[in-house]
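Observations on the three-dimensional arrangement
Chain by chain, the residues:
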Amino acid sequence: MNKKILLIAPFLLVGYVAKAQVGAAQVYLQEGKLNKAKEAIDKAMENEKDAKKSKTWFTKGEVYSGIAISQLKIFYDLDRQASRNAYNAYKKAMELEPSKKGYYKDAENSLKTKMYATAINQGANLYKEKDFKNSLDAMDVALETNYNKDTTAIFYATAIAWEAKMYDKFIVYAEQMAQLPFSKDVLKMNTLQMAYLYAGEKKDYAKATNLLEKALEKNPQEPQYWQMLSEMYETQDDKEKIITFYQKATKQFPNEFMYQRALGVAYFNKAVALNKEVNKKKEEEGLTGQLKDPKKIEKLKEYNNKVDNELKNALPYIEKADQLKPNDFDTMDLLRTIYDALGMKDKKDLMDKKIKAIGKE
């Protein structure tokens, strides 16, 4: 009789110890002894039978969410992925209750009422220590449990990803953020960062341009959108698009030196490129040297006029830029070049004097 008891007792003891560990974890949690609560629930999870119970998983969720929300480093250091592990434990507890009874409602309630704030809390603590990877993982948990559609987690996640140079994650967050009701200033910064990333890190100038153009449609008076867009167009080297853009910019900011000069330069560059084409055609068509054939003279004049017209297009914008920012040598020198090319001797001579007066020649 005693031998049978001795044989049976160890098996009973295993089940008892597992149950005792779950209960102990709950007690330690109530007492604020998170280290002991974690040790107890982890031991309970090692028991195959107990690990199939929703109560065990729910308790694990409670313990690990307690670790995640703790402000004491000694506790939140117990598991730097406590938010993720708590989230997974609650989901498992619900999964083990297909009829949605038992601990299903308890786990669901914890997910809905405290997991969001818990994950943000851990994410913030880890961010302070520059543990960006785990900080963002916690923020991801917050986003997955954001039942109230709060914007705090996405704001923090976007900022952390940018600082950590985790650009792929930043794009995911930033695109979500762009659809939410943040202030105009916050959305502006978000847009500029995305555009900067697309153009700089990704070298996708077309995508950066498209993003800024859409932002400009919503807020046409935002100077930073115009400024960054000008950089995008310049890198793409599409002369017609550059001219169209600066035409709009000069209308929006008629007294902005940068745009007046940029439009003038765009026309001037177009004239330079056209002049190269024209010179090639002159060579091919024998339109060089002393010409006597009226048709050739007329054709030469036609070619020269095309170049002159682009220079004439540039002239008023360069002159306006010179008025807005007097004594800027680069602007004055360009203006002098145009005057000379168009045969405007008096204005060219006057510009020579002005340049000498500022000590540049």
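Everything in this summary refers to the structure shown in the same document. The numbering scheme is per chain: residues are counted from 1 as the chain's sequence reads. Note on the predicted model: pLDDT of at least 70 is required for a residue's local features to be given, and 80 or more for side-chain atom pairs to be given and counted; whole-chain, interface and lining totals, by contrast, use all residues. Where side-chain values are given, they derive from all heavy atoms of the structure, hydrogens and water being excluded.

Let's talk about the overall build of the protein chain
Convention followed: Where helices and strands are cited, they refer to DSSP runs of H or I of at least four residues and of E of at least two residues respectively, numbered from the N terminus. Relative accessibility thresholds used throughout: buried, under 20% of the residue-type maximum; exposed, over 50%; partly exposed, between the two (1.4 Å probe, protein chains only). Note on areas: Shrake-Rupley, 1.4 Å probe, and residue coverage restricted to the protein chains presented here. Only four residue types enter the tally: Lys and Arg on the positive side, Asp and Glu on the negative side, with His and both chain ends excluded. By convention, the point assigned to a charge is CZ for Arg, NZ for Lys, CD for Glu and CG for Asp.
The helix and strand inventory of the protein chain stands at 18 helices and zero strands. The dimensions of the protein chain, computed from C-alpha atoms along their principal axes, are 135 × 45 × 35 Å. In the protein chain, which comprises 361 residues, the proportion classed as buried is 41%. Approximately 20,800 Å² of the protein chain is accessible, and the part contributed by carbon and sulfur atoms is 52%. Taken together, the 62 basic and 53 acidic charged side chains of the protein chain have centroids lying 5 Å from each other.

So, the side chain of Ser 230
Formally: For this analysis, residues touch if any pair of their heavy atoms sits within 4.5 Å.
Assignment of secondary structure puts Ser 230 in helix α13 (residues 223–236). Excluding residues within four positions of it along the chain, Ser 230 makes contact with Phe 245 and Tyr 246.

A look at unusual backbone geometry
Positive phi, close to 55°, is recorded for Lys 149, a residue that is not glycine. Relative to the elements of secondary structure, Lys 149 occurs in the loop between α8 (132–144) and α9 (152–163).

So, the packing of helix α14 (residues 239–252) against helix α15 (residues 257–284)
This is how the line gets drawn: The axes used here are C-alpha line fits, helices contributing only the stretch in contact, and every angle between their N-to-C directions lies in the interval 0 to 180 degrees. Should an angle lie under 35 degrees it is considered roughly parallel, over 145 roughly antiparallel, and from 65 to 115 roughly perpendicular; all remaining angles are considered oblique. Handedness of a crossing follows from how the near helix is turned relative to the far one, being left-handed for an anticlockwise turn of less than a right angle and right-handed for a clockwise one. Throughout this entry, Asp, Glu, Lys and Arg are counted as charged residues, while Ala, Val, Leu, Ile, Met, Phe, Trp, Tyr, Cys and Pro are counted as nonpolar. The remaining residues, Gly among them, count as polar.
α15 packs onto α14 with a crossing angle of 155° between their chain directions and a minimal axis gap of 9 Å. It follows that α14 is roughly antiparallel to α15 by the angle criterion. Two packed elements cross with a definite hand, and for α14 against α15 that hand is left-handed. Every residue of α15 that contacts α14 at Lys 239, Glu 240, Ile 242, Ile 243, Tyr 246, Gln 247, Ala 249 and Thr 250 is listed here: Tyr 259, Gln 260, Ala 262, Leu 263, Ala 266, Tyr 267, Asn 269, Lys 270 and Ala 273. The residue inventory of the contact of α14 with α15, partitioned by class, reads ten nonpolar, four polar and three charged.

Some points on the pattern of salt bridges
Stated precisely, the cut-off is as follows: By convention in these notes, a salt bridge is any Lys or Arg side-chain nitrogen within 4 Å of a carboxyl oxygen on Asp or Glu.
Summed over all chains, the structure comprises 28 salt bridges. Across the pair Arg 84 and Glu 144 runs a salt bridge, and its minimum N-O distance is 3.2 Å. Linking Arg 84 in helix α5 (residues 82–95) with Glu 144 in helix α8, this pair joins segments that are 60 residues apart in sequence. On the basis of relative accessibility, which here comes to 38%, the residue Glu 144 falls in the partly exposed class. Through salt bridges with shared partners, a single ionic network connects Lys 73, Asp 77, Arg 80, Glu 129 and Asp 131.

Quick look at the packing of aromatic side chains
The following threshold applies: Within 6.5 Å between ring centres, the rings of Phe, Tyr and Trp (the latter by its six-membered ring) count as paired, and their orientation is classed by plane angle as stacked under 30 degrees, edge-to-face over 60, tilted in between. Geometrically, a charge over a ring is one whose NZ (Lys) or CZ (Arg) sits within 6 Å of the ring centre while staying within 35 degrees of the ring normal.
What the rule picks out here adds up to 15 aromatic pairs. Consider the rings of Trp 226 and Phe 253, whose centres lie 5.9 Å apart with planes at 90°: the pair is edge-to-face. Taken as a pair, Trp 226 in helix α13 and Phe 253 in the loop between α14 and α15 lie far apart in primary sequence, 27 residues in all. Each member of the pair, Trp 226 together with Phe 253, is buried. Chaining the aromatic ring pairs together yields one cluster made of Trp 226, Tyr 233, Phe 245, Tyr 246, Phe 253 and Tyr 259. Geometry around Tyr 64 places Lys 60 over its ring, the cationic atom sitting 5.3 Å from the centre. Across from the ring centre of Tyr 147, 5.9 Å away, lies the NZ or CZ of Lys 112, which sits over that ring.

A word on the layout of surface pockets
Note the cut-off: Cavities and pockets are defined on a 1 Å grid built over the protein atoms alone: a cavity is a set of grid points where a 1.4 Å probe fits but cannot escape, while a pocket is an open set with protein on both sides within 12 Å along at least five of seven lines, and lining residues are those with an atom within 4 Å of any such point. Grid points are joined across faces, edges and corners, and a volume is the space filled by probe spheres set on the points.
Each pocket or cavity is described by its volume, and for the largest pocket that value is around 490 Å³. Forming the walls of the largest pocket are 18 residues, and the residues nearest its centre are Ala 178, Thr 191, Leu 211, Ala 215 and Lys 218. Listed by contribution, the elements that provide at least two residues to the lining of the largest pocket are α11 (184–200) and α12 (205–218). A per-element tally of the lining of the largest pocket places α11 first, with seven residues. The residue makeup of the lining of the largest pocket, split by class, is seven nonpolar, five polar and six charged. Approximately 200 Å³ is the volume attributed to the second largest pocket. Among the secondary structure elements, those contributing two or more residues to the lining of the second largest pocket are α12, α13 and α14.

Regarding the packing of helix α17 (residues 329–341) against helix α18 (residues 345–357)
As a packed pair, α17 and α18 sit with axes 8 Å apart at the nearest point and diverge in direction by 155°. Here α17 is positioned roughly antiparallel relative to α18, judged by the angle of their axes. Relative to α18, the crossing made by α17 is left-handed. Residue-level contacts link Phe 329, Met 332, Asp 333, Leu 335, Arg 336, Tyr 339 and Asp 340 of α17 to Lys 347, Lys 348, Met 351, Asp 352, Lys 354 and Ile 355 of α18.

Here we look at helix α16 (residues 294–324)
Helical periodicity: at 3.6 residues per turn, an α-helix aligns residues three or four positions apart in one direction. Filter applied, for reference: Multiplying 1.5 Å by the residue count of a helix minus one yields the expected span of that helix. Two axes enter the bend calculation: one fitted to the seven residues ending at the residue in question, the other to the seven starting there, and the bend is the angle between them.
A rise of 1.5 Å per residue sets the reference length of α16, with its 31 residues, at 45 Å; its end C-alpha atoms lie 45 Å apart and thus fit the reference within 8%. The largest bend in α16 amounts to roughly 30° and is located at Leu 315, with the proline Pro 316 lying one to four residues further along. Turning to α16, its buried residues number three or more, namely Leu 300, Tyr 303, Val 307, Glu 310, Leu 311, Ala 314, Leu 315, Ile 318, Ala 321 and Asp 322. The secondary structure elements touched by the buried residues of α16 are α15, α17 and α18.

Comments concerning the nonpolar core
Quick note on the threshold: We define a nonpolar core as any set of buried Ala, Val, Leu, Ile, Met, Phe, Trp, Tyr and Cys residues linked to one another through side-chain atoms lying within 4.5 Å.
Leu 212, Tyr 246 and Ile 338 are the most contacted members of the largest nonpolar core, which totals 93 residues. A total of eight residues in this core trace back to one element, the largest contributor, which is α15. The contact partners of Tyr 246, leaving out residues within four places of it in the chain, are Ser 230, Glu 234, Tyr 259, Ala 262 and Leu 263.

That is the geometry; function is a separate question.
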